Amino acid sequence: MIVLDKVSKVYRKPDGDVRALDDMSLSVAAGEFITVRGPSGSGKSTLLLAVGGMIRPTQGRVVVDGQDLYAVSSAQRARLRAEKIGFVFQMFHLVPYLDTLENVLVPNLAGARVASQDAAELLGHLQLAERLHHRPSELSTGERQRVALARALIKRPEIVLADEPTGNLDPDNARQVMSYLAEFHRGGGTVLVVTHDPLADEYAQRTVLLDRGKLRESPGL
Amino acid sequence: MSVVPLLWREIQHRKLNFAAALLAVVAAVAVCVAVVTLCDASQRETTRLMRNLGFNVLIVPKNVNMADFWSEDFAREEMPEEYVHRLAQSRDMSVRHLVARLQKKIEWRGRVVLLTGILPEVPMAHGPQKDPMGLDLPRGTAYVGYQLARVLRIKAGDTIEIGGKALRVTRLLDEKGGKDDIRIYAHLHDVQEILGKPGCINEIEALGCLCAGGDGIERIRAELARALPDTQVTEFESIARARSETRFMVERYAAFLIPTVLVACGLWVFLLALSNVRERRVEIGLLRSLGVRSGSIAGLFLGKAALVGLLGALVGYGLGTWVALHFGPRIFPVTAKSFAPLPALLGWALLVAPLLCIVASYLPAMLAVTQDPAEVLREE
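The paragraphs below set out a description of the structure included in this document. (Residues numbered from 1 in each chain as written. Chains lettered and ligands numbered in written order. Predicted model: local features only at pLDDT ≥ 70, side-chain atom pairs only at ≥ 80, totals over all residues. Heavy atoms only, no water.)

## Side note on the overall build of chain B
- When helices and strands are tallied, chain B shows twelve helices and eleven strands.
- Burial analysis of chain B (380 residues in total) assigns 49% to the buried set.
- A sequence separation of at least 24 residues applies to 81% of the contacts in chain B between residues at least 6 apart.
- Element-wise, carbon and sulfur atoms account for 60% of the exposed surface of chain B, whose accessible area totals about 18100 Å². (Helix = DSSP H or I, 4+ residues; strand = E, 2+ residues; numbered from the N terminus. Buried < 20%, exposed > 50% of the residue type's maximum accessible area, 1.4 Å probe, protein only. Contact = heavy atoms within 4.5 Å. Areas by Shrake-Rupley, 256 points an atom, 1.4 Å probe, with all protein chains shown as cover.)

## Section: the overall build of chain A
- Check the secondary structure of chain A and you find six helices and ten strands.
- A burial count over chain A gives 57% of its 221 residues as buried.
- For chain A, the proportion of contacts with a sequence separation of at least 24, taken over those separated by at least 6, is 69%.
- Split by element, the accessible area of chain A, about 9200 Å² in all, is 45% carbon and sulfur.

## Re the packing of helix α1 (residues 3-13) of chain B against helix α10 (residues 294-331) of chain B
Residues and elements named next belong to chain B.
- Between α1 and α10, the least distance of the axes is 10 Å, while the angle of their chain directions is 60°. Accordingly, the angle class assigned to the pair α1 and α10 is oblique. α1 and α10 meet at a crossing whose hand is right-handed. Residues Val3, Leu6, Leu7, Glu10 and Ile11 of α1 pack against Ser296, Gly299, Leu300, Gly303, Lys304 and Leu307 of α10. (Axes fitted to C-alpha atoms, helices over the stretch in contact; angles between N-to-C directions. Parallel < 35°, antiparallel > 145°, perpendicular 65-115°, else oblique. Left-handed = near helix turned anticlockwise from the far one by under 90°.)

## So, the pattern of salt bridges
Residue and element names in this part refer to chain A.
- Taken as a whole and judged by the stated rule, the model has 31 salt bridges over all chains.
- Between Glu164 and Lys44 there is a salt bridge, with its nearest N and O atoms 3.6 Å apart. With a gap of 120 residues between them, Glu164 in the loop between β7 (159-163) and α6 (171-186) and Lys44 in helix α1 (residues 44-51) connect regions that are remote in the sequence. Taken as a pair, Glu164 and Lys44 share a single burial class, namely buried. (Salt bridge = Lys/Arg side-chain N within 4 Å of Asp/Glu carboxyl O.)

## Quick look at the interface of chain A and chain B
- Contacts between the two partners involve 28 residues from chain A and, on the opposite side, 27 residues from chain B.
- Together, His93, Tyr97 and Leu109 of chain A form the three largest contributors to the area buried by chain A at its contact with chain B, with a combined 31%.
- Listing elements by their share of the side of chain A that touches chain B, those giving two or more residues are α1, α2 (74-84) and α3 (100-105) of chain A.
- Ranked by the residues each element gives to the side of chain A that touches chain B, the list is headed by α2 of chain A, at four residues. (Buried area = accessible area lost by both parts, 1.4 Å probe.)

## Let's talk about the pairing of strand β1 (residues 2-11) of chain A
All names here are of chain A.
- Most of β1 is tucked away: seven of the ten residues are buried.
- Pairing between β1 and strand β2 (residues 18-28): seven bridges, direction antiparallel. Bridge pairing links Leu4 to Leu26 in β2.
- Linkage of β1 to β2, two consecutive antiparallel strands, is achieved through a turn of six residues, within which Gly16 is found at a positive phi near 120°. (Pairing = 2+ DSSP bridges.)

## Considering the environment of Gly157 of chain B
Residues and elements named next belong to chain B.
- As for its position among the elements, Gly157 is in the loop between α5 (146-152) and β6 (159-162).
- When the C-alpha atoms of Gly157 and Arg168 are compared, they prove to be 6.3 Å apart, with eleven residues separating the residues in sequence.
- Sequence-distant contacts of Gly157, defined by excluding residues within four places in its chain, comprise Arg168 and Val169.

## Looking at the sheet that holds strand β5 (residues 67-68) of chain A
All names here are of chain A.
- Spatial strand order, β2-β1-β4-β5: four strands in an open sheet with antiparallel pairing. Among the strands making up the open sheet, the edge pair consists of β2 and β5.
- With two bridges connecting them, strand β4 (residues 59-64) and β5 associate as antiparallel partners. For Val64, the partnering residue across the bridge sits in β5 and is Gln67.
- Those strands touched by α1 are β1, β2 and β4, and its axis lies near 125° from that of β1.

## Some words on the packing of aromatic side chains
Residue and element names in this part refer to chain B.
- All chains considered together, the criterion is met by four aromatic pairs over all chains.
- Seen from their ring centres, Trp322 and Phe327 are 6.3 Å apart, and the 85° between their planes marks the pair as edge-to-face.
- Between Phe332 and Phe339, the aromatic rings sit 6.4 Å apart at their centres with planes inclined by 25°, giving stacked as the arrangement.
- Overall, the relative accessible area of 13% leaves Phe339 in the buried class.
- Between the NZ or CZ atom of Arg171 and the centre of the ring of Tyr143, over which it lies, the distance is 5.0 Å.
- Above the face of the Phe301 ring, Arg280 is positioned so that its terminal group lies 4.9 Å from the ring centre. (Phe/Tyr/Trp six-rings, centres within 6.5 Å; stacked < 30°, edge-to-face > 60°. Lys NZ or Arg CZ within 6 Å of the ring centre and 35° of its normal.)

## Quick word on α2 of chain A
- Looking only at α2 of chain A, the buried set comprises Arg77, Ala78, Leu80, Arg81 and Ala82 of chain A.
- Tucked inside the fold, the buried residues of α2 of chain A contact β4, β5 and β6 (85-88) of chain A together with α9 (281-289) of chain B.

## Topic: helix α11 (residues 343-370) of chain B
All names here are of chain B.
- For α11, built from 28 residues, the straight-helix expectation of 40 Å at 1.5 Å per residue is met to within 8% by its first-to-last C-alpha distance of 41 Å.
- Considering bend angle alone, the principal kink of α11 is centred on Tyr362 and spans about 40°; proline Pro364 follows within four residues of it.
- Looking only at α11, the buried set comprises Leu345, Ala349, Ala353, Pro354, Cys357, Ala360, Ser361, Pro364, Ala365, Ala368 and Val369. (Expected span 1.5 Å × (residues − 1). Bend = angle between axes of the 7 residues up to and from the residue.)

## Focus on the pairing of β4 of chain A
Residues and elements named next belong to chain A.
- As paired elements, β1 and β4 share five bridges and run antiparallel to each other. Each residue of the ladder has a partner; that of Val3, found in β4, is Val63.
- Between β4 and the antiparallel strand that follows it, β5, lie two residues; Asp65 among them carries a positive phi value of about 50°.

## Examining the sheet that holds strand β5 (residues 141-144) of chain B
All names here are of chain B.
- Within the open sheet, the nine strands sit side by side as β6-β7-β5-β8-β4-β3-β10-β1-β11. Their pairing is mixed. Either end of the sheet is taken by a strand with one partner, and the two such strands are β6 and β11 (231-235). With strand direction ignored, the average angle separating the axes of adjacent strands in the sheet is 35°.
- Of the strand pairs in this sheet, β6 and strand β7 (residues 165-172) are connected by four bridges, and their pairing is antiparallel. Each residue of the ladder has a partner; that of Glu161, found in β7, is Ala166.
- Most of the contacts of helix α4 (residues 82-89) go to strand β3 (residues 95-108), to which it runs at about 165°, and overall it touches β1 (57-61), β3, β10 (203-208) and β11.

## Some thoughts on the environment of Leu350 of chain B
Residues and elements named next belong to chain B.
- Within the fold, Leu350 resides in helix α11.
- Along the backbone, Leu350 and Ala313 are 37 residues apart, and their C-alpha atoms lie at a distance of 5.4 Å.
- Those residues in contact with Leu350 that sit more than four places away from it in its chain are Leu310, Ala313 and Leu314.

Pasting the structure below:
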């Protein structure tokens with residue numbers, strides 16, 4: 001489903017190059033739930049964005065669903081993201097001037113055909129039925145992350161890429177979010193979570209460690 | 001969720017940004033509409049006021065020696081009175097306000113006077129009709145120049161006799177400080193009788209058009225060569241120049257002011273759009289991560305710009321027209337009654353303002369489209 005083949009990513013900075021990913025390879029099977037753990041600055045977010053078709057690696061190939069992501073046009077990558085990938089971010093990135101329901105309908109801008117009723121049902125499932133017409137500023141952090149999760153899941157993607165999805169949440173909300181990701185996985189979806197939170201290991205089938213851009217070990221939890 | 005509701009929600013959310021851009025466009029359109037409306041009025045006013053300077057074109061028979069003309073103050077050679085009517089019937093003439101005259105220096109009551117017969121203005125058969133210029137003396141009446149009346153103690157209401165013809169003085173002219181002060185004006189046909197020259201005139205005065213580029217007199221010469229080949233044309237250059245410079249000065253002022261206002265407005269809209277893009281970097285990054293296409297993202301910014309332009313054009317046109325109609329009549333009292341809204345400006349405003357806003361927002365929109373979403377999402 002996801003293959004990273006000798007991928008390197010170097011950021012050119014005035015005070016010297018930063019090697020975020022260093023000749024790393026990783027394969028994620030379809031329907032797998034994998035966690036990539038590592039400290040801050042280890043290259044986790046870069047890895048996730050590279051898999052999402054949003055950062056072109058300096059070297060190597062990223063193949064998603066059989067498609068070499070950076071060998072196709074940016075429009076084709078955008079289409080792949082719109083159709084097959086859902087993103088969840090640590091900072092939620094909800095559109096501040098849209099209410100909960102509208103935020104979940106934002107993927108329609110990318111061509112998804114999500115009905116309001118379906119979005120409302122999903123939000124109900126994520127215990128947000130009472131918050132449909134609240135703005136993000138009126139929601140708790142846990143609720144915001146669930147809205148972000150609903151936005152990622154509403155278009156029924158094949159893959160969910162989550163960047164520190166529990167990073168801003170208290171333990172209860174963190175468990176709740178992870179359980180929804182696990183539910184998506186049980187439904188056949190592929191989940192790639194990058195995090196430094198060990199909680200994720202409880203839900204993942206496999207955990208890999210990333211340190212200074214290199215995969216160090218695979219504990220096989 | 002589509003682009004339009006998203007656009008609307010964003011406007012509601014960032015009211016200040018939208019209001020600032022709208023205000024800039026309203027102000028720019030209002031200034032332009034007011035300036036153009038006032039320039040239009042200014043042209044009317046200038047035309048009316050400049051007419052008081054008198055005619056600026058003189059048509060005399062071709063064989064007149066102009067050196068003699070200027071030394072004697074009249075042309076010895078004559079041409080048929082019918083010429084003025086032929087000229088009035090001609091199409092595509094750039095002269096207006098045709099006044100036929102027959103004048104001669106004569107001795108009268110022991111003094112040399114300029115006897116001038118004037119035919120009331122012959123209206124042009126083609127083109128817009130304008131208020132007549134020149135004197136309109138009924139037959140059997142005369143106007144007497146200031147110095148002549150003073151020296152010969154002529155009063156209004158007196159009857160004077162010239163060449164056996166009695167004329168009633170209906171008006172004494174104000175001091176002009178020139179040859180007009182020793183002139184006696186009468187109807188052309190009375191003077192023709194007095195001088196024994198029926199159907200003759202020796203000059204036609206006219207007002208030449210104010211053509212940009214300063215080729216007015218050459219154009220008139222070419223037209224006259226076709227219509228009245230045995231005549232020649234002289235321009236009273238100082239009058240013509242005063243008329244044209246005054247009028248073109250207003251046009252030049254507008255030609256400077258309007259682009260300046262539009263550029264300032266465009267710059268303001270550009271800066272606001274740029275600030276809007278910076279403010280929405282994360283949102284743009286998010287949309288990119290969702291697979292929203294560049295065209296839709298650009299549409300968010302350009303659509304907003306077009307909306308600002310359209311609303312600004314409507315409100316600005318109303319405001320600018322109100323300003324012009326409210327203050328214009330005080331600035332241009334002579335033609336105050338002619339003030340009216342210029343509906344064509346609304347069409348221009350609705351076309352130019354959105355276009356200007358789109359052009360000004362184009363670069364920020366492209367920045368939004370090309371910004372690296374990963375950069376923003378990683379930063380956050």
